[in-house]
Amino acid sequence: MKVIEAKNYADLSRKAANIISAQVILKPDAVLGLATGSTPVGTYKQLIEWYNKGDIDFSLTKTINLDEYVGLTPDNEQSYRYFMNHNLFDHINIDKKNTNVPNGTAPDMEAECLRYDALIKSLGGIDLQLLGIGHNGHIGFNEPGQAFEKTTHIVTLGESTIEANARFFGSKDEVPKQAITMGIKSIMQAKKLLLIANGRDKEDIVNKALYGAVTPAIPASILQIHPDLTVIYCYE
Ligand code: GLP
């Protein structure tokens, strides 16, 4: 595990973008696992800036996102598909056909979970997975208490996650109660992991996750045993 302290959010974003761009330069057809939330926004902005300067080419790159809310269509501004298009895909030369986000409105959500697992497999696995962390230690939408062995599945969101994400919605009641998420097993199978955490409010959970006991009560704690984990944090 490599743990890097960033000077500030801009520094964190540049460092994370550097690691992602190195991956794409070394392997242009890399499979990037991507994340949503406020933390990666700066990383995506930085990648767009370097793309505009001609430094990175995403024409062969494939992406696979961690999660999506159940019930939100791709054109819903709160959906993670919308977030990814708006914050990254619309601004770089990636082929949208090569970008993947779980379908939150699939008629059969169990079948959608199986499709997503098969997709990860057919892409040859994930080369580099970017991760944020929730205040309760969730990664993707893997909430505390869920088995580490899970692949893509449907989750009922915890109260603290609904509260934390209410800021993006009109009110708490509008936050979907369920999500589809890549499981911990799928995340742990990625060749490299990059966890980013920003803000004083993340310090406690990151310390518990990285240096405490490995327990399903803190989903991110399993990351300690991944052979290639990089953590970049800034608690200013
Ligand atoms: C959401 C996402 C997670 C993300 C977390 C933290 O719940 N499903 O993937 O890591 O929020 O978000 P933020 O970066 O806004 O703190």
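Bear in mind that the values here come from a model prediction, so they are computed numbers and not experimental data. (Residues numbered from 1 in each chain as written. Predicted model: local features only at pLDDT ≥ 70, side-chain atom pairs only at ≥ 80, totals over all residues. Heavy atoms only, no water.)

A. Structural detail: the site of the ligand. Taken together, 14 residues lie near the ligand, and Ser38, Thr39, Asp67, Arg167 and Lys202 sit nearest. Aspartate 67 is positioned with one of its side-chain polar atoms (N or O) 2.8 Å from a nitrogen atom of the ligand. With respect to the ligand, the side chain of histidine 138 contributes an N or O atom lying 2.9 Å from an oxygen atom. For the ligand, whose accessible area on its own is 390 Å², the fraction buried by protein is 95%. Broken down by class, the residue content of the shell around the ligand amounts to three nonpolar, eight polar and three charged. (Near = heavy atom within 4 Å. Polar contact = N/O pair within 3.5 Å; in protein donor to acceptor, adjacent residues only side chain to side chain. Areas by Shrake-Rupley, 256 points an atom, 1.4 Å probe, with all protein chains shown as cover. Nonpolar A, V, L, I, M, F, W, Y, C, P; charged D, E, K, R; others polar.)

B. Highlighting the pattern of salt bridges. Within this structure, the stated rule accounts for twelve salt bridges. The partner of lysine 172 in a salt bridge is glutamate 159, with the nearest N and O atoms 2.7 Å apart. Taken together, the residues span a long stretch of sequence, with lysine 172 in the loop between α5 (159-165) and β8 (178-181) and glutamate 159 in helix α5 at a distance of 13 residues. One network of salt bridges, with partners in common, ties together Asp11, Arg14 and Lys15. (Salt bridge = Lys/Arg side-chain N within 4 Å of Asp/Glu carboxyl O. Helix = DSSP H or I, 4+ residues; strand = E, 2+ residues; numbered from the N terminus.)

C. Highlighting helix α2 (residues 41-52). Taking 1.5 Å of rise per residue, the twelve residues of α2 would be expected to cover 16 Å, and the 17 Å separating its terminal C-alpha atoms lies within 8% of that figure. Regarding α2, the residues found buried are Val41, Gly42, Thr43, Tyr44, Gln46, Leu47, Ile48 and Trp50. Buried positions along α2 lie against α1 (9-26), β2 (31-34), α3 (80-87), β6 (128-131) and β9 (192-198). Taken from the residues just after α2, glycine 54 is the one with a positive phi, measuring 90 degrees. (Expected span 1.5 Å × (residues − 1). Buried < 20%, exposed > 50% of the residue type's maximum accessible area, 1.4 Å probe, protein only. Contact = heavy atoms within 4.5 Å.)

D. Expanded view of the sheet that holds β2. Pairing is parallel in the open sheet, where seven strands are placed in the order β1-β10-β9-β6-β2-β3-β5. Unpaired on one side and paired on the other, β1 (2-5) and β5 (99-100) mark the two borders of the sheet. Here β6 pairs with β9 via four bridges, running parallel. Its bridge partner lying in β9, leucine 128 is registered against lysine 192. Packed on one face of the sheet, helix α4 (residues 109-122) meets β3 (62-65) and β5 and runs near 145 degrees to β3. (Pairing = 2+ DSSP bridges. Axes fitted to C-alpha atoms, helices over the stretch in contact; angles between N-to-C directions.)

E. Quick look at α4. Look at α4: 20 Å from first C-alpha to last across 14 residues, which is about the 20 Å you get at 1.5 Å a residue. The complete set of buried residues in α4 reads Met109, Glu112, Cys113, Tyr116, Leu119 and Ile120. Buried residues of α4, seen end-on, are gathered within an arc of 125 degrees and therefore sit on one face of the element. Facing away from the buried side of α4 by over 90 degrees, the exposed positions are Glu110, Leu114, Lys121 and Ser122. Buried-residue contacts for α4 involve β3, β5, β7 (153-156), β8 and α6 (184-188). Between the side-chain oxygen of the N-cap and the backbone nitrogen of glutamate 110 there are 3.1 Å, and the N-cap of α4 in question is aspartate 108. Directly after α4, the chain includes glycine 124, whose backbone phi takes a positive value near 85 degrees. (Arc of directions from axis to C-beta.)

F. Expanded view of the nonpolar core. With 32 residues, the main nonpolar core has Ile64, Leu131, Ile133, Met182, Ile187, Leu193 and Leu223 as its most contacted residues. Within the residue set of this core, elements represented by two or more residues are α4, α6, β9, α7 (203-211) and β10 (229-234). A per-element tally of this core places α7 first, with four residues. Each residue touching isoleucine 187, except ones within four places of it in the same chain, is listed here: Leu66, Leu131, Ile139, Asn142, Met182, Leu193 and Leu223. Counting 28 residues, the second largest nonpolar core, distinct from the first, contains Ala16, Leu88, Ile92 and Ile94. (Core = buried A, V, L, I, M, F, W, Y, C linked by side-chain atoms within 4.5 Å.)

Don't take any of this as a statement about function, it's just geometry.
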